[in-house]
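Single-letter residue listing:
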Amino acid sequence: MATILHGKSDSIVTAIKAALDAYEQTFPGSKAEVYRQNSASIRVRVIDERFAAMNRADRHDQVWDFLLERAGDDAMAEVSVLLPLAPAELKKSFANYDFDHPLRSKL
């Protein structure tokens, strides 16, 4: 099951989490996380070994399309960060750092 890392949970975060749950079921071994950064921004991280063989644009498009089909336009309009990473990229990604050490939003 996908994880809501921190922040407020609302109907949109819950809808995206449900789509991420489906992603994890469709692609065993993947790990997905979501959190609301502020009132207008949701951040999503998907860790999947399959991404090691894919370029960044293709993996982003694949995850975005998967989530859009399940969560819908309104929910996806609030996603400001979609971070699809292979496990080996976790320590190299600056954007990944924010998932583990989020800065508090002033909004």
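As a reminder, the structure under discussion sits directly above these lines.
Here is what the cut-offs are and how they apply
Residues numbered from 1 in each chain as written. Predicted model: local features only at pLDDT ≥ 70, side-chain atom pairs only at ≥ 80, totals over all residues. Heavy atoms only, no water. Helix = DSSP H or I, 4+ residues; strand = E, 2+ residues; numbered from the N terminus. Rg over C-alpha atoms; globule rule 2.2 N^0.38 Å. Buried < 20%, exposed > 50% of the residue type's maximum accessible area, 1.4 Å probe, protein only. Lys, Arg positive; Asp, Glu negative; His and termini not counted. Charge placed at Lys NZ, Arg CZ, Asp CG, Glu CD. Salt bridge = Lys/Arg side-chain N within 4 Å of Asp/Glu carboxyl O.

Asker: Would you mind going over the overall build of the protein in detail, with residue names and values included?
Answerer: In terms of regular secondary structure, the protein is built from 4 helices and 4 strands. Secondary structure elements of the protein occur, N-terminal to C-terminal, as β-α-β-β-α-α-β-α. Taken against the 2.2 N^0.38 rule, which gives 13 Å for 107 residues, the C-alpha radius of gyration of the protein at 13 Å falls within 12% of a compact globule. When burial is assessed residue by residue, the protein has 44% of its 107 residues classed as buried. Separation between the mean location of the 14 positive side-chain charges and that of the 16 negative ones in the protein comes to 8 Å.

Asker: So what's going on with the pattern of salt bridges? Which residues, and what values?
Answerer: As enumerated under the stated definition, the model contains 8 salt bridges in all. Lysine 31 is paired through a salt bridge with glutamate 33; the nearest N and O atoms lie 3.4 Å apart. Overall, the relative accessible area of 43% leaves lysine 31 in the partly exposed class. A salt bridge links glutamate 33 to arginine 45, with the nearest nitrogen and oxygen atoms 2.4 Å apart. Of the two residues, glutamate 33 is situated in strand β2 (residues 31–38) and arginine 45 in strand β3 (residues 41–47); the sequence distance between them amounts to 12 residues. Accessibility classification places glutamate 33 together with arginine 45 in one group, the buried group. Taken together, the shared-partner salt bridges connect Asp10, Arg36 and Glu78 into one network.

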